[in-house]
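Spelled out from the first residue to the last, the chains are:
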Amino acid sequence: MKQQIAVVAVAAPLDKALSYRVPEALRGTLAVGMRLRVPLGRRTAVGYLLQIVEGEADDLKDVFEGLDAEPLFSAAMVALFRRAADYYRHPLGEVIRTALPAGLSGGQGRLAPLRESVYRRAPDSPAVRGARQLELLAFLDACGQASRSELLARFPGCQGSLRSLLKHGLVLEDSQERLRDPFVGQVIPADTVVAPTEHQQQALTIIDSALEGGGFQSILLHGVTGSGKTEVYLRAIEKVLAAGRQALVLVPEIALTPQLVGRFQARFAPRRTRLAALHSGLSAGERYDAWRRIARGEVDIVIGARSAVFAPLERLGMLIVDEEHESSYKQSEGFRYHARDLALLRGQMEGAVVLLGSATPALTTWQRARSGLSLYVSLPQRVLERPLPEVILVDLTVERPDGLLARPLQEALAANLERGEQSLLLLNRRGFAPYLLCADCGTTPRCPHCDITLTYYLARRELRCHYCDYRCVPPEQCPTCFGTELLPEGAGTERLEQELQNLFPAARIARMDRDTTGRKGAHQDLVEGMLARRLDILLGTQMVAKGHDFPGVTLVGVLQTDNLLNLPDFRAAERAFTLLTQVAGRAGRGSQPGRVYIQSYAAGHYALECCVRHDFEGFCRQELALREELGYPPFGYLVNCVLTAADAALVGRTAEQIAAGLREPAGRLGVEVLGPAPCPLARLRGKSRFQVLLKSPQRPALRHLLGRLESLRRRLPSGVALAVDVDPLDMI
Ligand code: ADP
Ligand code: ZN
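On a predicted model such as this, the values are computed, not experimentally measured, just so you know.

**Comments concerning the coordination of the zinc ion (ligand 2)**
Coordination of the zinc ion (ligand 2) by the protein comes from C447 (SG), C450 (SG), C465 (SG) and C468 (SG), over a distance range of 2.3 to 2.4 Å. Each of the four donor atoms around the zinc ion (ligand 2) contributes to a set of angles spanning 107 to 113°, which defines the coordination as tetrahedral. Taken in sequence order, the residues that donate to the zinc ion (ligand 2) follow the motif C-x2-C-x14-C-x2-C. In this pair, C450 sits in the loop between β18 (435-438) and β19 (455-457) while C465 sits in the loop between β20 (462-464) and β21 (471-472), placing the two residues 15 residues apart along the sequence. A residue is classified by how much of its surface remains accessible, and C465, at 1% relative accessible area, is buried.

**With respect to the site of ligand 1**
Inspection of the region around ligand 1 gives 18 residues, with A195, Q200, G226, K229 and T230 positioned closest. Between ligand 1 and K229, the relevant distance is 2.9 Å, taken from an oxygen atom to a side-chain nitrogen or oxygen of the residue. Taking D549, its side chain carries an N or O atom lying 3.2 Å from an oxygen atom of ligand 1. Expressed as a share of its isolated accessible area of 570 Å², the protein-covered part of ligand 1 is 81%. With three residues, the top contributor of residues to the shell around ligand 1 is helix α7 (residues 229-242). Taken together, the residues of the shell around ligand 1 break down into six nonpolar, seven polar and five charged.

**Overview of the domain arrangement of the protein**
What the domain assignment reports for the protein is domain 1 (3-99), domain 2 (115-121 + 128-177), domain 3 (198-384), domain 4 (386-431 + 491-630) and domain 5 (637-726). The straight-line distance from the C-alpha centre of domain 3 to that of domain 4 is 27 Å. Contacts between domain 3 and domain 4 engage 24 residues on the former and 29 residues on the latter. Between domain 3 and domain 4 lies a buried interface of about 2,200 Å² when both sides are counted; carbon and sulfur atoms form 61% of it. When the buried area of domain 3 at its contact with domain 4 is split by residue, I254, L363 and R382 rank highest and sum to 33% of it. If you look at where domain 3 meets domain 4, you find one salt bridge. Between E326 and K546 there is a salt bridge whose closest N-O contact spans 3.4 Å. Put simply, domain 3 and domain 4 have nine residue pairs in polar contact (both at pLDDT 80 or more) between them.

**Side note on the pairing of strand β9 (residues 217-223)**
Successive residues of a regular strand alternate their side chains across the two faces of the sheet. In terms of burial, β9 is a largely internal element, six of the seven residues being buried. Pairing of β9 with strand β14 (residues 353-358) involves six bridges; the strand directions are parallel. Bridging across to β14, Q217 finds its partner in V353. The pairing of β9 with strand β15 (residues 375-379) spans five bridges and is classified as parallel. Each residue of the ladder has a partner; that of G223, found in β15, is L379.

**Some details on the nonpolar core**
Judged by nonpolar contacts, the single largest core of 75 residues is most densely connected at F310 and L694. In terms of residue count, the dominant contributor to this core is helix α20 (residues 648-669) (seven residues). Those residues in contact with F310 that sit more than four places away from it in its chain are M77, L80, F81, A99, W291, F335, Y337, L342 and R346. A369, V544, V583 and V596 belong to the second largest nonpolar core, which has 42 residues in total.

**Quick notes on the sheet that holds strand β7 (residues 145-147)**
Strand order in the open sheet made by the three strands is β7-β6-β8, with antiparallel pairing throughout. The two strands at the open ends of the sheet, each matched to only one other strand, are β7 and β8 (171-178). With direction set aside, neighbouring strand axes in the sheet form an average angle of 30°. As judged from the eight bridges shared by strand β6 (residues 114-121) and β8, these two strands associate in the antiparallel manner. Bridge pairing in β8 places R115 opposite E177. Of the strands in this sheet, β6 and β8 touch helix α5 (residues 159-167), which is tilted by about 115° from β8.

Conventions and cut-offs
- Residues numbered from 1 in each chain as written.
- Chains lettered and ligands numbered in written order.
- Predicted model: local features only at pLDDT ≥ 70, side-chain atom pairs only at ≥ 80, totals over all residues.
- Heavy atoms only, no water.
- Donors = N, O, S within 2.8 Å, 3.2 Å for Na, K, Ca; no water.
- Tetrahedral: all angles 85-135°; square planar, octahedral: opposite > 155°, others 65-115°.
- Helix = DSSP H or I, 4+ residues; strand = E, 2+ residues; numbered from the N terminus.
- Buried < 20%, exposed > 50% of the residue type's maximum accessible area, 1.4 Å probe, protein only.
- Near = heavy atom within 4 Å.
- Polar contact = N/O pair within 3.5 Å; in protein donor to acceptor, adjacent residues only side chain to side chain.
- Areas by Shrake-Rupley, 256 points an atom, 1.4 Å probe, with all protein chains shown as cover.
- Nonpolar A, V, L, I, M, F, W, Y, C, P; charged D, E, K, R; others polar.
- Domains from an automatic or database assignment.
- Contact = heavy atoms within 4.5 Å.
- Buried area = accessible area lost by both parts, 1.4 Å probe.
- Salt bridge = Lys/Arg side-chain N within 4 Å of Asp/Glu carboxyl O.
- Pairing = 2+ DSSP bridges.
- Core = buried A, V, L, I, M, F, W, Y, C linked by side-chain atoms within 4.5 Å.
- Axes fitted to C-alpha atoms, helices over the stretch in contact; angles between N-to-C directions.

This is the structure we're talking about:
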């Protein structure tokens, strides 16, 4: 007999979807995109329903139950999940789990639709008594029905009257779903209407014609800092909506502040455009409800961080990736996808325009545009003819400062304080000092679980591992020689803050890094402090460089630039150039021009020289030449295979076997096998780590070889894990 078979991606490391019989009792209650509870071996697991087919199901196990009353994604999304799983060689069920908002992905969470009571007037009502009751009835007459929360908001303390109306049958009670909406009650800022600049207009003309084409097109919007990219996004989205389609806007998590969302609301809320934001600042319930509104087709614009690339929109006209160079678009654990690359894939699959915006496009994106794979539009000037800031290199081999701040930067800070203008300082390291050093024998306390020094925190008197969060009290004596002089070496933001307070005791100084922004709303408080000019100096890690528009900042200083340039990574120069250009771009965005001081021992480095000249193309030219010589992206493709196990010898041996198993087919395919070698971070959270890096000028050859890797994976010794990172960004 023909039966219904559910094709299910189980949220587990399986390479195939599984089939289950749909029992009679569940027929008609299940649909593609719902979560199911299913048996898996001897346990139960959560899976995602991909398809229902008819067939012979006698040998199959039964679906236990459905977990949703409505689908969380459509069949079209299944196609995207499959392509993503295939591209990144990751189990489909885990891809879907990553895509869905956290909290409901596992299935065990108690996330459920919220319900509340609604009231309406009973058809034939007997006579009414109190004045309050009359008021309530008049209100219900006027609006048909009202929810409990609406009534309580409008008539505080009306519970008693309501109860009495219900008791006497004057009012009927029902229950309906209430969607948790973070925007409710929020003040929407006023929209600033500006006429587009000539360059903005030119960009829009090109974007419009791509939209009119109706199919996939990728466009790089290369706009210098402060050139008004957001205005271009807003106007492009107007076109998308006018054509009856939807827009998805990806921004780095850190940039997803109320200010940015506010700008979108200011433009679109008055037109009753339905907006949803997806980010980690929402409660699990808010995210769940936002997601379901999107899945039901009740949203026109989604703004979100990385994982919003999976938002279940059905009529996508445009995907925008703001600050497309940002490394936070790459997920570094589990399903290691890159949201910008998936946005491009999704645009292709769904026939949408993909707009990538940045002042410092990733070299790979730049190369795509140069080779004609995507269109290129540029905003080469700041709005209102504001100049780009003057960038000054401070050569530390000449200046040799006692503390962290060399004389030119110190003087500039003093002058800025004098004038009442704001300053921003970047030092990309947290804590007081990156390590303690024994003055007698040179020992440095290290993390017992990771191969890394422990960062010293002065105010909390603590040593802390920045990878596994191990913490301990700093030892009084050196554990090796029992010497008593353990000195904090090097500097982090905490030390810089202290030095600034000593130099400028009257200045209002604040620090922005992961340690000061852990609490919800803390980051926002600092941003508002800057905007309201309650702060004179904001110092911090790269967080201070990210997308902020602080019109009062006229001075930017960058310290310890050499740390950025000397990272053991072929992208070190690109990262440094990008970060410096971005942080420099925070200066002089208001009416006063800005200056930037970059302190370095390597003042002749091309990344610094190009930054001084605001010469993005010049930097790319030099960097591309180096990459081409070495066959690194964008001239080659990489896959990093990372093996981890508690047993260092075992993981080393296994890495050798994997590399040996790949070498022969790799040779035939023209893929280079580099390593195995211990990862730069050779121990992490108690696990030893080795990597085998695969490199090829051709993507298909690499994909072929990954097939071979899958069969090797099945024979891994127990206790060893293999993570495959396609297009890796970080190789620590
Ligand atoms: P970007 O993202 O390119 O760094 P923004 O989009 O934040 O720049 O714009 C910088 C500032 O310029 C914002 O305050 C914005 O309101 C303003 N702006 C944008 N376009 C115009 C315009 N055409 N005329 C006047 N001001 C503009
Ligand atoms: Zn650690």
